[in-house]
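Spelled out from the first residue to the last, the chains are:
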Amino acid sequence: MSEKKPYFIHHRAKKQSGEPTAVFWESAMTDTRALRDAENALEDAGKDAGNYFRPVVTNFPVVDELPEEGEIDFDWCNFFQLGDDGMTWAVIPGAVREEKVVAGIDTTIVDGVDTNTGEIIDVDKAGTVDTTATVTVENGLVVDESDDKNTRYAVVTLPFRKRLIAQLTADQNATEQRHHVTRAEHAAITAIEMDTDNSYVQNLLLAGEQFDELKNCDTKDLRRYTDAVQRAFLREKRHELGTLLKFTKIWLATDYLDRGILVHEWEAGNRISEVPHTSTDGGNSTTPPLQDAAPYKRAVSQSMANLQIEVAVALLYPEAEPGKVSRPQLAGAKALVERNEDVFDIALKVLGKTTDILDFNADTIFLVTRAIEWNSGKTYFELRALTRDWFTENGVYENGERCKGYPEWNEDPRSARNSADSNTTQQPQIENLGAGVFSVENLMGEQSLNESEKQQDVNKQLAAGRGEFVEGISDPEASNWVHEDLAKTASNEGEKSEVETTSDVQIQEAVIDEEQAGDALQAGKSRGEAGEETTAVEPTASEILAANAPHLASQDQEEIEAEVKQWPTHFEPGRYENLPNDVYHAANGVSSTMLKDVRISPMFYCGRHVTKAIPRTQNDAMKRGTVVHGYVLEPEKFHEEFAVPAEMPDGVVSTTGDLQAIIKEYNASLPALMTPDELKGWIEAYNNDLTPPLSLSGSAEETGLLYMSLPEDFQRLPADTKQTATQQKGCIKEYNASLPALLKTSGTRDQLLDQIATVAPDMAAAERAKFVPYNFSGTKEQLTEIVRTLRPDVMTADDWHKQQEIAAAGKIMISLDMYEQAKNISAALQAHPSASRLLNHPARQSEISYFGFDEETGLEVRVRPDLEIQLPHSRIGGDLKTISLGYVKQENLRARLHREIIDRDYHLSAAMYCDVANLDQFSWIFVCRDEGYHWIAVVEASVDELELGRLEYRRALQTINDCTMSGSWPAPITDDYTDELNDYDLRRYEALSAM
């Protein structure tokens, strides 16, 4: 039969009941018996079981203040709390469990202090103990025993750190500062102070302690300071301590009247070092603001709404100056904004899409608005180029720095193709493939083109985009062309067949790649693998470099790779190959995923992409989809991006049981400790050998007899005088005081050893020298720390995984089952006739990035289809989608796939891909990711489906543009409404009413 073991049970009260939470423990044969006894104890205490959740067994706490066994305790949870694992108990920070002082029982008072408990005790003249005067110190707060939970304590008496936190945690909606705190509030403040993981509070405390002026501030100013910090530094974001120190120094040095402006500017992101003041000399200087005069500083932070007004004022009133706009001028500007006339609309679309437009000061905005001819008939591209050139030469930021210019435009090798100064015969590739909804007719001029001519032009543009020389598009005088027929240097075995060659090859310094130098190798073909019509072997990139650009070929390979990895900070419209995922997702432009977010609601879009308050999380299904995409579409890059963990070696400690076994093995090797019962037995045996003291509570006759039994040395009362009982008790007390003191038999193990040490110090010292066995009932983290102490060389599963992460060197770590799933899905796709034709097509390219503009709103857009195939007369795009539809009936599957397309806005993305990437048709490759059931469906988007997606994505773009201009991002539901019955509900209503 099994032995009894202790069970510690948590009986949590429901919040609305108002009842206290209880704990109960006892030794029982099973946990079922202990839980049943706990419920009985709750009932015996007069509590309603309906006010409590079902009791649960927790880890047994190893503390001295355990409740009595078998008795339910409603006070325990005021001082102890469960950790995040819901099993381990820990002391509540700041909570003090007071000992009760009972007069006349084991209490030794020295100078008004109980030497057993450390409490301050008042002793009256009669020598009795006053138990009502107990005082306790809780983390610096002096608490009288008579205080209750509603007692309030002055904040001004607290240390500086607690005073600062008291104002930081005060009600932000209240106008008054916090002057008092309760015991519970003080305990909460102490917990916040000790929370080292709270970097926001710890930085505030560190910053505050650096300034004596702040320490000397009164409560009112401390509240103002904490309010200012919370406005300038949002809790949701991580802030550097140095920035907070800078702000604190500036705030203290700023005049009281100007602190509101200072905080407002920092809140808007304008981290000024002082509050500017407008000149009061009454002058009316007309000095150009970008020369010698100090530029006007905005009183509020710049926004798109303010930009509209500034542009409108500059267009309407040539004499208006920043900071001196009259009320009638302001009214006229607002009216122009509402009318949205053509010139104003063009100016705002161009200026509003400039990368750093909100950083420029007001004087610059006024001058650039008047410097450009917005109605000159130039294209948006030309106006953008003029605007950027003007900013580069004349622009001044709000902080006083000169414009940094736009170096990525000039340094990027594509600038030769993107330049606005190119001759009219050199049409830039970006306007064909990146212009979004711009038509081919607009890009190629007003002449009419038939379908064949259009396709030929597109092919030329694609060739130019790959770096090939195309007559009529590329500049023949450019120095970076190598004028040599490289096909002559390529040899092949056997008879040569007729091949299509390119006579001029552009050496692109930013992209050195086999598939981009010279004629690109066909996707899916290895070197030396000829197509069906040729056996020619094309020269590699290194061969071309060695023959025609030796200065590049001699470069260190690491330098070349570093060049390849350099990407512009802002992408102009165009087609970009080999763009890394992280670079694309961080680039400028609205993607189709962002459009799906604004269709949820403008408020959601704002939270995710503007204020960044809504994080983007990746669930397991999304991660598995990413893994499958990488393995199927770009297998050659898979192991560069993903890391597959190795099998865990033997000897790694991976489970809680393994940790406990190590601790138990160590504990078994330690010498046994005397138990508290054994220590008590020793003390009791010692006390039995001592002479007991005589009683002082007997009658006068009994006292006289006891006096006569005293040794002669203590019978000091004269025999010839009358002896009173009081005098005799004095002699008896003196006798009792001469006897050896009895040792106490109550208390903790250490307290019992202290008693023994007074009479047998060697024994107590030997017992203390023994090692105390480690506890093996904690959390896995606690057990791991103990095992590391016992065996520093131990390797845990967490250590193994960390080593794997370090070995991955920045790669995405995936599980073995994810890797196996990706391989199985890839095999299924290769076995499917239609899917394999798309994936293995020699012209297939994957993850090509396109950037462009939306003509209606002027917004920058970007797309990245999973795959694209260039055929002689059409361009095909596609997306690979992993789904879980394992339990859908066969006859319902097509309907479910259609619902997936519509509900997840796949058709919206497809239409956007077709417009921006100039695709003619689009298909989805659906593959079921359920284990062992990898069926595949290739679904082409119909013309009507693409047109629906086109209307929806353009409406979403218009929503983003309108919200950006107005600065308002409405919630999904803005009006109150009455809920009505639908058709199904109405039929139910009618049927029930007729009964």
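The model shown is predicted, which means the values in this text are computed figures rather than measured ones. (Residues numbered from 1 in each chain as written. Predicted model: local features only at pLDDT ≥ 70, side-chain atom pairs only at ≥ 80, totals over all residues. Heavy atoms only, no water.)

**Some details on the overall build of the chain**
For the chain, the helix and strand inventory stands at 40 helices and 25 strands. Taken across its 995 residues, the chain has 40% of its residues classed as buried. For the chain, the share of sequence-separated contacts (at least 6 apart) that also reach a separation of at least 24 residues comes to 64%. With an accessible surface of roughly 56600 Å², the chain has 50% of that area assigned to carbon and sulfur atoms. (Helix = DSSP H or I, 4+ residues; strand = E, 2+ residues; numbered from the N terminus. Buried < 20%, exposed > 50% of the residue type's maximum accessible area, 1.4 Å probe, protein only. Contact = heavy atoms within 4.5 Å. Areas by Shrake-Rupley, 256 points an atom, 1.4 Å probe, with all protein chains shown as cover.)

**A closer look at the confidence of the model for the chain**
Residues with a pLDDT of 70 or more make up 76% of the chain, whose mean pLDDT is 76. Here helix α17 (residues 440-444) stands out as the least confident element of the chain, with mean pLDDT 32; helix α38 (residues 906-916) is the most confident, with 96. With pLDDT under 50 throughout, residues 278-292 is counted as low confidence; its partners more than four residues away or in other chains account for 16 contacts. pLDDT under 50 marks residues 409-452. Its contacts with residues more than four places away, or in other chains, come to 83 contacts. (pLDDT = per-residue confidence, 0-100.)

**Remarks on the sheet that holds strand β2 (residues 22-28)**
Taken in spatial order, the 3 strands make up an open sheet running β2-β1-β3, and their pairing is antiparallel. Where the open sheet ends on each side, the last strands, each with one partner, are β2 and β3 (56-58). Here the strands of the sheet are splayed against their neighbours by 40° on average, with no regard to which way each runs. Both strand β1 (residues 5-11) and β2 contribute to a ladder of 7 bridges, which runs antiparallel. Counterpart to His10 in the pairing with β2 is Val23. Packing of helix α1 (residues 31-44) onto the sheet brings it into contact with β1, β2 and β3, and relative to β2 it is tilted by some 135°. (Pairing = 2+ DSSP bridges. Axes fitted to C-alpha atoms, helices over the stretch in contact; angles between N-to-C directions.)

**Comments concerning the pattern of salt bridges**
Tallied over the full model, the rule gives 40 salt bridges. Of the charged contacts, one joins Arg339 and Glu341 as a salt bridge, the two residues approaching to 2.8 Å between their closest N and O atoms. Ionic pairing is found between Arg599 and Glu952, a salt bridge with its closest N-O pair at 3.7 Å. In this pair, Arg599 sits in helix α23 (residues 592-600) while Glu952 sits in helix α39 (residues 943-966), placing the two residues 353 residues apart along the sequence. Three or more residues joined by partner-sharing salt bridges are found here, namely Arg161, Lys162, Glu193 and Glu209. (Salt bridge = Lys/Arg side-chain N within 4 Å of Asp/Glu carboxyl O.)

**Describing a nonpolar patch on the surface**
A cluster of nonpolar side chains, Leu981, Leu986 and Tyr989, forms an exposed patch at the surface whose accessible area comes to about 300 Å². Summarising the element assignment, Leu986 is placed in helix α40 (residues 983-993). What makes Leu986 partly exposed here is its relative accessible area of 34%. (Patch = residues over 30% accessible without salt bridge, like charges linked within 9 Å, V, L, I, M, F, W, Y side chains within 5 Å.)

**Observations regarding the nonpolar core**
As a rule of thumb, soluble globular proteins bury nonpolar side chains together. Among the nonpolar cores identified, the biggest contains 41 residues, and Leu595, Trp924, Phe926 and Trp935 are the most heavily contacted of them. Elements with a minimum of two residues in this core: α23, α24 (602-610), β21 (860-863), α37 (893-903), α38, β24 (921-928) and α39. The biggest single contributor to this core is α38, with 8 residues. Apart from the residues within four sequence positions on either side, Phe926 is in contact with Lys881, Ile883, Leu897, Ile901, Tyr906, Trp935, Ile936, Ala937 and Val939. Ala166, Val201, Tyr225 and Leu262 belong to the second largest nonpolar core, which has 33 residues in total. (Core = buried A, V, L, I, M, F, W, Y, C linked by side-chain atoms within 4.5 Å.)

**Re the environment of Ala917**
Secondary-structure assignment places Ala917 in the loop between α38 and β24. Linking Ala917 and Gly877, residues 40 residues apart in sequence, is a C-alpha distance of 8.8 Å.

**A short note on the packing of α23 against α39**
Relative to each other, α23 and α39 sit at 75°, their axes nearing to 9 Å. In this view, α23 runs roughly perpendicular relative to α39, as classed from their interaxial angle. Contacts between α23 and α39 involve Leu595, Val598 and Arg599 on the former and, on the latter, Glu952, Tyr953, Arg955, Ala956, Leu957, Thr959 and Ile960. Classifying every residue of the contact of α23 with α39 by side-chain character gives 6 nonpolar, 1 polar and 3 charged. (Parallel < 35°, antiparallel > 145°, perpendicular 65-115°, else oblique. Nonpolar A, V, L, I, M, F, W, Y, C, P; charged D, E, K, R; others polar.)

**Overview of the side chain of Ser846**
Within the secondary structure layout, Ser846 lies in strand β19 (residues 844-846). Within polar-contact distance, the side chain of Ser846 engages the side chain of Arg844 at 2.5 Å. (Polar contact = N/O pair within 3.5 Å; in protein donor to acceptor, adjacent residues only side chain to side chain.)

**Considerations on the packing of aromatic side chains**
One pass over the full model with this rule turns up 28 aromatic pairs. A ring pair is formed by Trp76 and Trp89, whose centres lie 6.0 Å apart and whose planes are at 85°; its orientation type is edge-to-face. Highlighted residues: Trp76 in the loop between β3 and β4 (80-82) and Trp89 in strand β5 (residues 89-91), separated in sequence by 13 residues. Taken together through their ring pairs, the aromatic side chains of Phe8, Trp25, Phe60, Trp76, Phe80 and Trp89 make up a single cluster. (Phe/Tyr/Trp six-rings, centres within 6.5 Å; stacked < 30°, edge-to-face > 60°.)

**Thoughts on the packing of helix α12 (residues 362-371) against helix α13 (residues 380-394)**
Two elements in contact, α12 and α13, have axes separated by 11 Å at closest approach and are oriented at 135°. In terms of orientation, α12 and α13 fall into the oblique class. Between α12 and α13 the crossing geometry is right-handed. Contacts from Thr364, Leu367, Val368 and Ala371 in α12 reach Thr387, Trp390 and Phe391 in α13. Here the residues of the contact of α12 with α13 are counted per class, giving 5 nonpolar, 2 polar and no charged. (Left-handed = near helix turned anticlockwise from the far one by under 90°.)

**With respect to a negative patch on the surface**
A contiguous patch of negative charge, built from Asp84, Asp85, Glu781 and Asp798, is present on the exposed surface. One can find Asp85 in the loop between β4 and β5. (Lys, Arg positive; Asp, Glu negative; His and termini not counted. Charge placed at Lys NZ, Arg CZ, Asp CG, Glu CD.)

**Structural notes on unusual backbone geometry**
With the exception of glycine, most residues fall at negative phi, and the peptide bonds are largely trans. A positive phi angle, close to 60°, is found at Lys612, a residue other than glycine. Take Lys612: it is sitting in the loop between α24 and α25 (620-633). One non-glycine residue, Glu847, adopts positive backbone phi at about 55°. Relative to the elements of secondary structure, Glu847 occurs in the loop between β19 and β20 (849-853).

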